[in-house]
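Residue strings, one per chain:
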Amino acid sequence: PYFKEDLKSHGRWWKRMEGKKRFSDLKNYSFNSIAKNVKCKTILLVGSKESQLTINRSKIAHKKLKNSELIIIPGVRHDLGKKKYLEVLKDTIIKL
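None of the values given here were measured: they were computed from a predicted structure.

Engineer: I would appreciate a short explanation of the overall build of the protein in the present structure.
Structural biologist: Tallying secondary structure elements over the protein gives five helices and two strands in all. Across the protein, helices and strands are ordered from the amino to the carboxyl terminus as α-α-α-β-α-β-α. Out of the 96 residues belonging to the protein, those deemed buried represent 30%. For the protein, restricting intrachain contacts to residue pairs at least 6 apart in sequence, the fraction spanning at least 24 positions comes to 60%.

Engineer: When you look at helix α5 (residues 83-95) in this model, what are you seeing that I'm missing?
Structural biologist: Helical geometry note: an α-helix holds 3.6 residues per turn, so side chains three or four residues apart project in the same direction. With 13 residues, α5 should reach 18 Å at 1.5 Å per residue; the first-to-last C-alpha distance of 18 Å fits that figure. All buried positions along α5 are accounted for by Y85, V88 and T92. On an axial view of α5, the arc spanned by its buried residues comes to 70°, and they lie on one face. Set apart from the buried face of α5 by more than 90 degrees, the exposed residues are K83, K90, I93 and I94.

Engineer: Where do I start with the pairing of strand β1 (residues 42-47) in this structure?
Structural biologist: Every regular strand shows the same layout, with side chains that alternate between the two sheet faces. Taken across its six residues, β1 has five buried, putting it largely inside the fold. In terms of strand pairing, β1 meets strand β2 (residues 68-73) through six bridges, oriented parallel. Looking across to β2, one finds that L45 is bridged to I71.

Engineer: What should I look at first to understand the packing of aromatic side chains in this one?
Structural biologist: Centre-to-centre distance and the angle between the planes together describe a pair of aromatic rings. One pass over the structure, following the stated rule, counts zero aromatic pairs. Above the plane of the ring of F31 lies R57, whose end atom (NZ or CZ) is 4.7 Å from the centre.

Engineer: Can you walk me through the environment of K36 in this structure?
Structural biologist: By secondary structure assignment, the location of K36 is in the loop between α3 (31-35) and β1. Residue class for K36 comes out exposed when judged on its relative accessible area of 61%. Put simply, K36 and L65 are 29 residues apart on the chain and 7.4 Å apart in space, counted from C-alpha to C-alpha.

Engineer: Explain the nonpolar core here, please?
Structural biologist: Nonpolar side chains in soluble globular proteins tend to be buried together. Of all hydrophobic cores here, the largest spans six residues; its members are L45, I71, I73, V76, Y85 and V88. Each residue touching I71, except ones within four places of it in the same chain, is listed here: I43, L44, L45, V46, V88 and T92. Counting five residues, the second largest nonpolar core, distinct from the first, contains F31, A35, A61 and L65.

Engineer: Even after reading the chapter, I still don't get the pattern of salt bridges, so can you show me in this structure?
Structural biologist: Where charged atoms from two side chains of opposite charge approach closely, those side chains can pair. The final tally for this structure, using the stated rule, is one salt bridge. A salt bridge links E69 to K41; the shortest N-O distance between them is 3.6 Å. Residue E69 is located in strand β2, and its partner K41 is located in the loop between α3 and β1; the two are separated by 28 residues in the primary sequence. Take E69: its relative accessible area is 33%, and that puts it in the partly exposed class. What makes K41 partly exposed here is its relative accessible area of 44%.

Calculation criteria
Residues numbered from 1 in each chain as written. Predicted model: local features only at pLDDT ≥ 70, side-chain atom pairs only at ≥ 80, totals over all residues. Heavy atoms only, no water. Helix = DSSP H or I, 4+ residues; strand = E, 2+ residues; numbered from the N terminus. Buried < 20%, exposed > 50% of the residue type's maximum accessible area, 1.4 Å probe, protein only. Contact = heavy atoms within 4.5 Å. Expected span 1.5 Å × (residues − 1). Arc of directions from axis to C-beta. Pairing = 2+ DSSP bridges. Phe/Tyr/Trp six-rings, centres within 6.5 Å; stacked < 30°, edge-to-face > 60°. Lys NZ or Arg CZ within 6 Å of the ring centre and 35° of its normal. Core = buried A, V, L, I, M, F, W, Y, C linked by side-chain atoms within 4.5 Å. Salt bridge = Lys/Arg side-chain N within 4 Å of Asp/Glu carboxyl O.

Next comes the structure, spelled out in structure tokens:
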């Protein structure tokens, strides 16, 4: 998901694509504020073929979430239709 901190890095095209209402709603949610209250284990999955912005955002989230694990899946985007992505997701769930 996107948060208040992400809005500056997105261009007009993103605002048009996502819609003005959603863009406006995101201003109400600060990841920095929310992260302080997350107490449970959090697993972040990101594909190595995601945009650099998404990968960097995942790394920042990992640092701010105390009990988190970051898994970067090589060779895929965030796509449940990709076999490799589903394999890593399944393996991660089994380990829980």
